[in-house]
Amino acid sequence: MTGLVLKLGPQERVLVNGAVIENGARRGRFSVLTPGAKILRLRDAIHPEAANTPVRRVCYIAQLVLSGDAEPDAARIQLVRGIEQLSQVFTDSDSRQYLDRATEDILQDRFYPALKALRALLPREERLMAASKR
């Protein structure tokens, strides 16, 4: 059995193909076997007003695909362009691996893993932004 495995905490919510699903009182785990299902953990969701940094904006575009609010073909172009811009700033090898992984996932229509790879850059971006304000 393959597919995306989601491990949810108590009362954690996830958006699956436009439907909000809430886990019960205990930790849960389920596998999504349908290719192309649109899935977004609501705890990972970025609100539009919080998409105020380069990494957050790229993550938000991926999130829009997962929530069904953006067409994958149109978003793919924006995502690849955004990742190209991020690669001009994140030049260390670890960040490059995340960007490369996200790019590969986007080109294969795997938007959830792409979002996960991009989110890994958020703490790095935060440190860079804090350092630039000093």
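Going by the structure above, here's the rest.
Residues numbered from 1 in each chain as written. Predicted model: local features only at pLDDT ≥ 70, side-chain atom pairs only at ≥ 80, totals over all residues. Heavy atoms only, no water.

J.: I would appreciate a short explanation of the nonpolar core in the present structure.
T.: Among the nonpolar cores identified, the biggest contains 35 residues, and Val 55, Leu 79, Ile 83, Leu 99 and Leu 118 are the most heavily contacted of them. Every element with two or more residues in this core is listed here: strand 1 (4-8), strand 2 (13-16), strand 5 (39-41), helix 1 (54-67), helix 2 (72-87), helix 3 (93-107) and helix 4 (111-119). The greatest single-element share of this core, amounting to eight residues, is contributed by helix 1. Once you skip the residues sitting within four places of it in the chain, Ile 83 turns out to touch Val 58, Leu 99, Ala 102, Thr 103, Ile 106 and Leu 118. (Core = buried A, V, L, I, M, F, W, Y, C linked by side-chain atoms within 4.5 Å. Buried < 20%, exposed > 50% of the residue type's maximum accessible area, 1.4 Å probe, protein only. Helix = DSSP H or I, 4+ residues; strand = E, 2+ residues; numbered from the N terminus. Contact = heavy atoms within 4.5 Å.)

J.: Any chance you could explain the sheet that holds strand 5 here in plain terms?
T.: Strand pairing within a sheet occurs via backbone hydrogen bonds; the two strands may be parallel or antiparallel. The strand order across the open sheet built from three strands is 3-2-5, with neighbouring strands paired in antiparallel fashion. Lying at the two open borders of the sheet, with one neighbouring strand each, are strand 3 (19-22) and strand 5. Within this sheet the neighbouring strands show an average axis-to-axis angle of 25°, counted without direction. (Pairing = 2+ DSSP bridges. Axes fitted to C-alpha atoms, helices over the stretch in contact; angles between N-to-C directions.)

J.: Which parts of the structure should I look at to understand the pattern of salt bridges?
T.: Side chains that carry opposite charge are capable of pairing whenever their charged atoms lie near each other. Applying the stated criterion to the full structure yields eight salt bridges. Linking Arg 41 and Glu 12 is a salt bridge whose minimum nitrogen-to-oxygen distance equals 2.6 Å. Taken together, the residues Arg 41 in strand 5 and Glu 12 in the loop between strand 1 and strand 2 connect sequence positions 29 residues apart. Residues Arg 41 and Glu 12 agree in their burial class; the two are buried. (Salt bridge = Lys/Arg side-chain N within 4 Å of Asp/Glu carboxyl O.)

J.: How do you make sense of the pairing of strand 3 when you look at a structure like this?
T.: When a strand is regular, its side chains alternate between the sheet's two faces. Sheet analysis places strand 2 next to strand 3, joined by four bridges and oriented antiparallel. The partner of Leu 15 across the bridge, within strand 3, is Val 20. Between strand 2 and strand 3, which pair antiparallel one after the other, the connecting turn spans two residues, and Asn 17 there sits at a positive phi close to 50°.

J.: I'm lost on the packing of helix 1 against helix 4 in this one. Help?
T.: When two helices pack together, you describe them by how their axes are tilted relative to each other and by the distance separating the axes. Their axes nearest at 9 Å, the elements helix 1 and helix 4 cross at an angle of 160°. Here helix 1 is positioned roughly antiparallel relative to helix 4, judged by the angle of their axes. Here the hand of the crossing between helix 1 and helix 4 comes out left-handed. Contacts between helix 1 and helix 4 involve Val 55, Val 58, Cys 59, Ala 62, Val 65 and Leu 66 from the first element and Phe 111, Tyr 112, Leu 115, Leu 118 and Arg 119 from the second. (Parallel < 35°, antiparallel > 145°, perpendicular 65-115°, else oblique. Left-handed = near helix turned anticlockwise from the far one by under 90°.)

J.: What is the right way to read the packing of helix 2 against helix 3 from this model?
T.: Two elements in contact, helix 2 and helix 3, have axes whose closest approach is 10 Å; the angle formed by their N-to-C orientations is 170°. Classed by the angle they form, the pair helix 2 and helix 3 counts as roughly antiparallel. The element helix 2 and its partner helix 3 pack so that their crossing is left-handed. Of the residues in helix 3, those touching helix 2 at Arg 76, Leu 79, Val 80, Ile 83, Leu 86 and Ser 87 are Arg 96, Leu 99, Ala 102, Thr 103, Ile 106 and Leu 107. Classifying every residue of the contact of helix 2 with helix 3 by side-chain character gives eight nonpolar, two polar and two charged. (Nonpolar A, V, L, I, M, F, W, Y, C, P; charged D, E, K, R; others polar.)

These results come straight from atomic positions and should not be treated as a statement about function.
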